[in-house]
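Close look at the chain arrangement
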Amino acid sequence: MKTATERRELLKGLYAEVRDCTRCPLHHTRTQAVFGAGNADAELMFIGEAPGASEDRMGLPFVGAAGKLLDRLLEEIGLNRKDVWIGNVLRCRPPDNRDPQPREIAACQDYLFEQVRLIEPVVICTLGNFSTKLLRADTTGISRLHGREEVRVIGFRAVRLYPLYHPAAALYTPSMLETLRTDFQRIPELLAQGPPEQPQLEEDELPDLDELEFEDSEQSDGVTSGDRPEPAPQLGLF
Ligand code: URA
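Structure report, in brief. Remember, it's a predicted structure, so these values are computed and weren't measured experimentally. (Residues numbered from 1 in each chain as written. Predicted model: local features only at pLDDT ≥ 70, side-chain atom pairs only at ≥ 80, totals over all residues.)

Some points on the overall build of the protein chain
Each helix and strand counted, the protein chain has eleven helices and six strands in total. Counting across all 238 residues of the protein chain, residues that qualify as buried make up 41%. Here the analysis covers contacts within the protein chain between residues at least 6 apart in sequence; of these, 75% occur between residues at least 24 apart. (Helix = DSSP H or I, 4+ residues; strand = E, 2+ residues; numbered from the N terminus. Buried ≥ 20, exposed ≤ 12 C-beta atoms within 10 Å, placed from the backbone. Contact = placed C-beta atoms within 7 Å.)

Brief notes about the site of the ligand
Near the ligand, the surroundings consist of Gly-48, Glu-49, Ala-50, Pro-51, Gly-52, Glu-55, Pro-61, Phe-62, Gly-64, Ala-66, Asn-88 and Ala-168. Split by residue class, the shell around the ligand holds six nonpolar, four polar and two charged. (Near = placed C-beta within 6 Å. Nonpolar A, V, L, I, M, F, W, Y, C, P; charged D, E, K, R; others polar.)

Concerning the pairing of strand E2 (residues 44-48)
The side chains of a regular strand alternate, first on one face of the sheet and then on the other. With five of five residues buried, E2 is to be regarded as a mostly interior element. Residues Leu-44, Phe-46 and Gly-48 line one face of E2 and the alternating positions Met-45 and Ile-47 line the opposite face, and both faces are buried. In the sheet, E2 pairs with strand E4 (residues 123-127) via four bridges, with the strands oriented parallel. Bridge pairing in E4 places Met-45 opposite Ile-124. (Pairing = 2+ DSSP bridges.)

So, the nonpolar core
The tendency in soluble globular proteins is for nonpolar side chains to be buried side by side. The biggest cluster of nonpolar side chains holds 58 residues, and the ones touching the most others in it are Met-45, Phe-46, Ile-47, Val-89, Ile-124 and Cys-125. It is helix H5 (residues 102-119) that provides the largest number of residues to this core, a total of eight residues. Dropping the residues within four chain positions of it, Ile-47 is found in contact with Gly-87, Asn-88, Val-89, Leu-112, Ile-124, Thr-126, Leu-127, Ser-131 and Leu-135. (Core = buried A, V, L, I, M, F, W, Y, C linked by C-beta atoms within 7 Å.)

Focus: the sheet that holds strand E6 (residues 157-164)
Sheet strands associate in pairs through backbone hydrogen bonding, adopting either a parallel or an antiparallel arrangement. Taken in spatial order, the six strands of this open sheet run E1-E3-E2-E4-E6-E5, and their pairing is mixed. Each end of this open sheet is capped by a strand with a single partner; those strands are strand E1 (37-38) and strand E5 (150-154). Where E1 and strand E3 (residues 85-88) come together, two bridges link them in antiparallel fashion. By the bridge assignment for E3, Ala-37 is matched with Ile-86. Of the strands in this sheet, E2, E4, E5 and E6 touch helix H6 (residues 129-136), which is tilted by about 130° from E4. (Axes fitted to C-alpha atoms, helices over the stretch in contact; angles between N-to-C directions.)

Taken by themselves, the reported measurements are silent on function.
The structure is reproduced here in structure tokens:
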């Protein structure tokens, strides 16, 4: 088990990599990458779809109307953003808020899996279709899956995966909002169950932390991530 400080330091290294990412064409149109934010030691993670215009501008996930609803739902179960981690399938805004494309998802997914590995959550709530399909590696849609938890191995970590409707969809459909609210009420119970049994990995299957690319990696301009100033807004939240 890593300490909260170790997790935070490793996340900062990963953040330095994401900030300069050019793995897909979205880097041409983004204002900034949105890494994700919250508690590096969180037991609960929420994974949405992709940054929108407000997120792209502010560098933080879920800061628009859907984010306000997420805040309200968290408050109703006695939690707030400082208790959880909030991220997305994509770290860069698709132009005109179009759907993420398969090659963008493929290019970005390792960052998400790495966040899961570093944070070691107990429960991951996928918000909407894109994160649900990605983390279940399956095309079943959210309307069939919402509110049904299951144990899934994400990267090297077994978690309680709990698909929920996306707050942006629930904003304009009162019946969906009620369902989302009802599903949300079960989150404390899932957290109380604690982590599921972890997969037993052989020695040679375990990732070697020293070999992870993001640790003080050499950037394309020859500057190491350790030399770069920390842009304040995103790091302030973890
Ligand atoms: N804001 C995000 O950060 N992600 C979404 O999926 C929607 C809004």
